[in-house]
Every structure is written in structure tokens, then in C-alpha cells.
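Chain residues, written in single-letter form:
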Amino acid sequence: MTSTTPRPPAPTVPPRLIATDLDGTLLRDDKSVSQRTVAALAAAEAAGIEVFFVTGRPARWMDVVSDHVHGHGLAICGNGAAVVDLHGGPGNHRFVKVRDLAPATALEVVGILRAAAPGTSFAIERTGGVHHEPAYPPLHLDPAAGVAPAEKLLAAESDGADQPVLKVLAHHPEILPDAFLTLARIAAGSLVEITRSSPTALLEISGPGVSKASTLALCCAERGISHEEVVAFGDMPNDIEMLTWAGASYAMGNAHADVIAAASGRTAANNEDGVAAVIERILAQR
């Protein structure tokens, strides 16, 4: 931890579950998991503390951590839209729980945002892959399953219509990211959950009530774990609900200002193993 980073307070209740975001939090900027972090995660699991990866990533992008899921093998993906069993390895994941976005609601929100922010382009994330509009920024991690206007992609007769919609992505080439988030929430926030995790003006739109926090709460309830027994880590606005729900929470040293304000503590940046630093302290106190 750097000398300018405040020392994070210890959780007041012995934790039973650690919930951590991935990009900008657990992962370094090169998308690797450091050996120190690998050791800390394994030590937490060995001590009886479950570790849940809670991310905006789709399940097919979870290969970066699939070797570190340990016993339960579960991760929360798509900002809470899916609970996924990663035991099968890359490309062989199994959806355990899906909290989808109704296509009709998605279509309504697309229309609202087209009117509120002309120039917005959209992508549709389904359980089987992503579909996007021609103007949507190129995807680098995997090819699109389909390219067409969002209205066609959300139609009942579209390719992939049998696959649940996990989230809609909305990109604007000119509006500042936080301004775009505020505009979208004012325009359509009564219909859906809208957040962001990208440094660009890219919004992530989920079904009403669907967030990292609400799905994590469901998973904890199934295990008899209270929110006071959860320690959470994050760096971007899509982590805020999870950080405020957890009994103890830590904003990374590189976190968005709103995340720092929401968390109960702060740790070092993702490139400085901030998550590992807190886990090591927790285990040292047990």
C-alpha cells in the first residue's frame, strides 16, 4: 500500500464472504491476477471464507479468473444479471440463475435514449453472445453474434430471440461518461437499472432491481450469510450498490470519486494488490 493511501479499517464482524469486482479491482491493468492476489484468495478459501467474483463481464470473458474460483465455482456476471458456474472452464460455463431484461422494456429504453441522446448506439447482451448495431464501437474480445439496428435485434423473430437478454449497452461518442449516466437515469431510470464501468461513455442497462448488490444478496441469503458478514471491493459506479450493501467495503486507490464516497474504507490501487492487502489483514486477525 502506498504511503498516500489511507489504511483501511478492519471489518467489525468476522467475514464469511468476500465479494470482489474484477477489472480495475482484482485484476491489474494488464488483466492479470498477481501471485500475491492468487495466494490471498486461496488462503481466504482455505480459512472458510467464500470468494465471489462480481463483475460486469459476461460469462464468456471469465477465463481470466476461472482458475481461481475454488470450491463453489460460482461468479456473478453482467452486473447481477447472471450467476454462472465456471467449473467447466472457458466456453463451458453453466448459467445457474438468470435475471433477464424483458425485450419490450429494452426496446422502450432504446427509444427513450435515442430521443434523449441522439447519436447513441446500442448492443444487446444475451446469454449466447452479444449483438450490436453497425455504429457500435468494434468489439475486441469476441465477434458479434449479429449486427443490425437494436429494434431488429430485440424483435421476437430476431436471431437469438430464444436467449434471455442480460443487458443492453448504450454508447455515445461525444457526451462525457458521468453526464451520459445522469442523462440516461433521468430519462429511463424508472424502467431499468442504469450504471457504468467503462472509462468511456458506455452505459450498462439491466432489468429493474437487477444489480451486483441484489444478486449478491440472493446468493448470500441462500448460504445464510448476512450483509454484515460480507466484505466487498470495487472501483466504478456499477460497484456502488454492492459496496453500500456490504458490512465492510473498500474502494480501490484508483476508484471513481463516487465509489470512494460510498465505501466504508479504502485500499491500494489494483496494480498494487489492494484486494490482497485487505485479505491478508483479515486473515492475520482471525
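Here the structure is a predicted model, which means the values were calculated and not measured. (Residues numbered from 1 in each chain as written. Predicted model: local features only at pLDDT ≥ 70, side-chain atom pairs only at ≥ 80, totals over all residues. Heavy atoms only, no water.)

### Here's the deal with the packing of helix 3 (residues 103–116) against helix 5 (residues 177–188)
When two helices pack together, you describe them by how their axes are tilted relative to each other and by the distance separating the axes.
Next, step 1: As a packed pair, helix 3 and helix 5 sit with axes 10 Å apart at the nearest point and diverge in direction by 125°. As far as their axial angle goes, helix 5 and helix 3 are oblique. By crossing handedness, the relation of helix 3 to helix 5 is classed as right-handed. Here Val109, Ile112, Leu113 and Ala116 of helix 3 come into contact with helix 5, specifically with Leu183, Ala184, Ala187 and Ala188.
Next, step 2: Here the contact of helix 3 with helix 5 is built from residues that sort into 8 nonpolar, no polar and no charged. (Axes fitted to C-alpha atoms, helices over the stretch in contact; angles between N-to-C directions. Helix = DSSP H or I, 4+ residues; strand = E, 2+ residues; numbered from the N terminus. Parallel < 35°, antiparallel > 145°, perpendicular 65-115°, else oblique. Left-handed = near helix turned anticlockwise from the far one by under 90°. Contact = heavy atoms within 4.5 Å. Nonpolar A, V, L, I, M, F, W, Y, C, P; charged D, E, K, R; others polar.)

### Observations concerning the pairing of strand 12 (residues 230–234)
Next, step 1: Strand 12 sits mainly inside the fold: 5 of its 5 residues count as buried.
Next, step 2: Here strand 12 shows a buried face lined by Val230, Ala232 and Gly234 and a second buried face lined by Val231 and Phe233.
Next, step 3: Judged from the 4 bridges that link them, strand 1 (residues 17–20) and strand 12 form a sheet pairing that is parallel. Paired with threonine 20 across the bridge in strand 12 is phenylalanine 233.
Next, step 4: Relative to strand 13 (residues 248–251), strand 12 is paired through 4 bridges, and the arrangement is parallel. Looking across to strand 13, one finds that phenylalanine 233 is bridged to tyrosine 250. (Buried < 20%, exposed > 50% of the residue type's maximum accessible area, 1.4 Å probe, protein only. Pairing = 2+ DSSP bridges.)

### Some remarks on helix 3
Next, step 1: Here helix 3 spans 20 Å end to end across 14 residues, near enough to the 20 Å set by a 1.5 Å rise per residue.
Next, step 2: All buried positions along helix 3 are accounted for by Ala106, Val109, Val110 and Leu113. Angularly, the buried residues of helix 3 cover 105° about the axis, an arc narrow enough to put them on a single face. Opposite the packed face of helix 3, turned more than 90 degrees from it, sit the exposed residues Ala104 and Ala115.
Next, step 3: Buried residues along helix 3 sit against strand 6 (121–126), helix 4 (150–153), strand 9 (165–171), helix 5 and strand 11 (202–206). (Expected span 1.5 Å × (residues − 1). Arc of directions from axis to C-beta.)

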